[in-house]
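Each chain, letter by letter, is given below.
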Amino acid sequence: ERIQAQGTPAVVRAPSYAATLRAELFEYNFLTREVKIEDRQKLMLRYQDYDIEAKQLEYQFAAGSRLGRLWARGPGRASGTLPDKEDQTFEATWNDRVIVQPDKGDHALSLLGGGTLRMQREGEFAARDLHLWINESPDPQAPSGKPRLRYRPLRMLAEGDVRVDSWQLAGTTQRAEVWIRHEDGAEADSAAARPATTQDPAQRQRSSQKFELAADHLQTQLVRRGEETIVEHLILDGQVRFREVRTEKAGDVPLAIAGDVVQVDHANTDFARVRVQGRPSEVSARGMTVVADAIRLNRGDNRIWIDSPGKMLLPATARRRDAGPARESAPAQAMPLSVAWGGRMDFDGRTARFLRDVHVSGSQRSQQGEVFDLLVMGHELAVTLNQEVNLSREKPPEDLDVQELAFAGGVYLQNTGRLAGSQTSYDQLQVRDLTIDQRSGRLHAY
């Protein structure tokens, strides 16, 4: 019925289970198929492709080779290779307890009292309490006559000082909820279409971006497609800070988002929608910065819009003040243009339209050191860029700049020149409509 071994240490070898054990106490019940292991210092168990270290461990075998129940107390560590990915290793550590038990047809893994999960090529996830739900099912790709099981993560809940660190994402939050959807059909199609390569998958990601985030609460749904894990939906809540710390191309202006709530839907498609809320919220990307209470983006429509007052900083590269052919090669240094409005803003990728109480300000320095401060006020404004910003493309346009500003509905312009602390010029203009060619400095007024 039962066998018990005690020693300093007791050593047990079980070839039929591919297991080796060193501990002070080992007990196995043949009727219940329960194992109990204890060691005041540290027991060491090798089971198939797994290494486990703990002080107390109990395990009840399930029928066949399916996953059973596990309880481990005290600080511990487990490592090995993933059951369905023999070339990928993992390591799990905990400070208090680890529990594996059935839950509604799946299995729930809990690392309590400070748990960390590390996976090769995936990164590291740590929290005070970490729960992972795993689906166990027959592997359809297993050789005929050799039943084999595969294990797929379905969802995860992490609470307390949550930290994630991977090649593409690093961040902290107090609570994280993750759902994972597996695409079997897409996985098979992708595997069939993918050309043969010997390159390490980790190396194939080295040219991609990396993001850093901080928020009180994170919710996300991921799509597992072949070897890729893609974000499908994302909600960040509470003191959100999201910024790009490694850009796709060296020299690119990084993306940065700040607000109270950030929601992204269908992030893995060309129809992604983003909503940023806060008082205020702020989005910076590729040389443009927008500040408002609510900012919305639709990648499918290639549109960004704000239905409330706000402020936008527009990109600026070196601009020429039109002073004849002799000075054609002498560009002026310009600061980004600041646009504030009291109604709404709509941007279609090439033209941004601002309504009600529009204020534009900016500065420009000539080669001689003279600084020109510009202020323009009007009822409506249309700002046209020199290139289209396509939200569906990962690669942003180069040398993005303002091409034209078109004011309407009563316009007031003021331009002041300064040199060495003294005013050199002062211009005023009041017209109905005004168009400014930002590259040449030409004005066309009605």
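To keep things clear, this report deals only with the structure shown in the data block. (Residues numbered from 1 in each chain as written. Predicted model: local features only at pLDDT ≥ 70, side-chain atom pairs only at ≥ 80, totals over all residues. Heavy atoms only, no water.)

**A few points about the overall build of the protein chain**
Argument step 1. A tally of regular secondary structure across the protein chain gives 2 helices and 32 strands.
Argument step 2. In the protein chain, buried positions account for 41% of the 446 residues.
Argument step 3. Nonlocal contacts in the protein chain, meaning residues at least 24 apart in sequence, comprise 50% of its contacts between residues at least 6 apart. (Helix = DSSP H or I, 4+ residues; strand = E, 2+ residues; numbered from the N terminus. Buried < 20%, exposed > 50% of the residue type's maximum accessible area, 1.4 Å probe, protein only. Contact = heavy atoms within 4.5 Å.)

**Considerations on unusual backbone geometry**
Argument step 1. Cis geometry is adopted by the peptide bond preceding Pro-9, which originates at Thr-8 and carries an omega value of 0 degrees.
Argument step 2. Following the sequence through the fold, Pro-9 ends up in strand E1 (residues 2-14).
Argument step 3. For the peptide bond that leads from Arg-279 to Pro-280, omega is -5 degrees, which places it in the cis range.
Argument step 4. Structurally, the position occupied by Pro-280 is in strand E19 (residues 273-285).
Argument step 5. With a phi angle near 55 degrees, Lys-104 is a residue other than glycine that sits in the positive phi range.
Argument step 6. Relative to the helices and strands, Lys-104 is located in the loop between strand E8 (97-103) and strand E9 (106-112).
Argument step 7. Under the relative-accessibility criterion, Lys-104 is labelled exposed at 80%.
Argument step 8. You will see that Asp-357, though not glycine, has its phi angle at about 50 degrees, which is positive.
Argument step 9. Relative to the helices and strands, Asp-357 is located in strand E26 (residues 351-365).

**Brief notes about the pattern of salt bridges**
As a working rule, side chains carrying opposite charge can pair if their charged atoms are close by.
Argument step 1. On inspection of all chains with the given rule, the structure shows 25 salt bridges.
Argument step 2. Between Glu-27 and Arg-2 there is a salt bridge, with its nearest N and O atoms 3.8 Å apart. Remark: Arg-2 occurs in strand E1 and Glu-27 occurs in strand E2 (residues 19-29); sequence separation between them is 25 residues.
Argument step 3. Its relative accessible area of 56% is what places Arg-2 among the exposed residues.
Argument step 4. Here Glu-124 and Arg-163 are joined by a salt bridge, their closest N and O atoms 2.8 Å apart. Of this pair, Glu-124 sits in strand E11 (residues 123-127) while Arg-163 sits in strand E13 (residues 149-165), and the two are 39 residues apart along the sequence.
Argument step 5. Taken together, the shared-partner salt bridges in this structure form one network comprising Lys-42, Glu-53, Arg-77, Glu-91, Arg-118, Glu-124 and Arg-163. (Salt bridge = Lys/Arg side-chain N within 4 Å of Asp/Glu carboxyl O.)

**Things to note about the environment of Leu-109**
Argument step 1. By the element assignment, Leu-109 lies in strand E9.
Argument step 2. Sequence separation between Leu-109 and Met-156 is 47 residues; the distance between their C-alpha atoms is 9.4 Å.
Argument step 3. Not counting the four nearest positions on each side in its chain, Leu-109 is found in contact with Val-98, Ile-99, Val-100, Leu-130, His-131, Leu-132 and Ile-134.

**Here's the deal with the side chain of Ser-338**
Argument step 1. Checked against the element boundaries, Ser-338 lands in strand E24 (residues 337-341).
Argument step 2. Here Ser-338 falls in the buried class, since its relative accessible area comes to 12%.
Argument step 3. With sequence-adjacent residues up to four places away left out, Ser-338 is seen in contact with Lys-311, Met-312, Leu-313, His-359, Val-360 and Ser-361.

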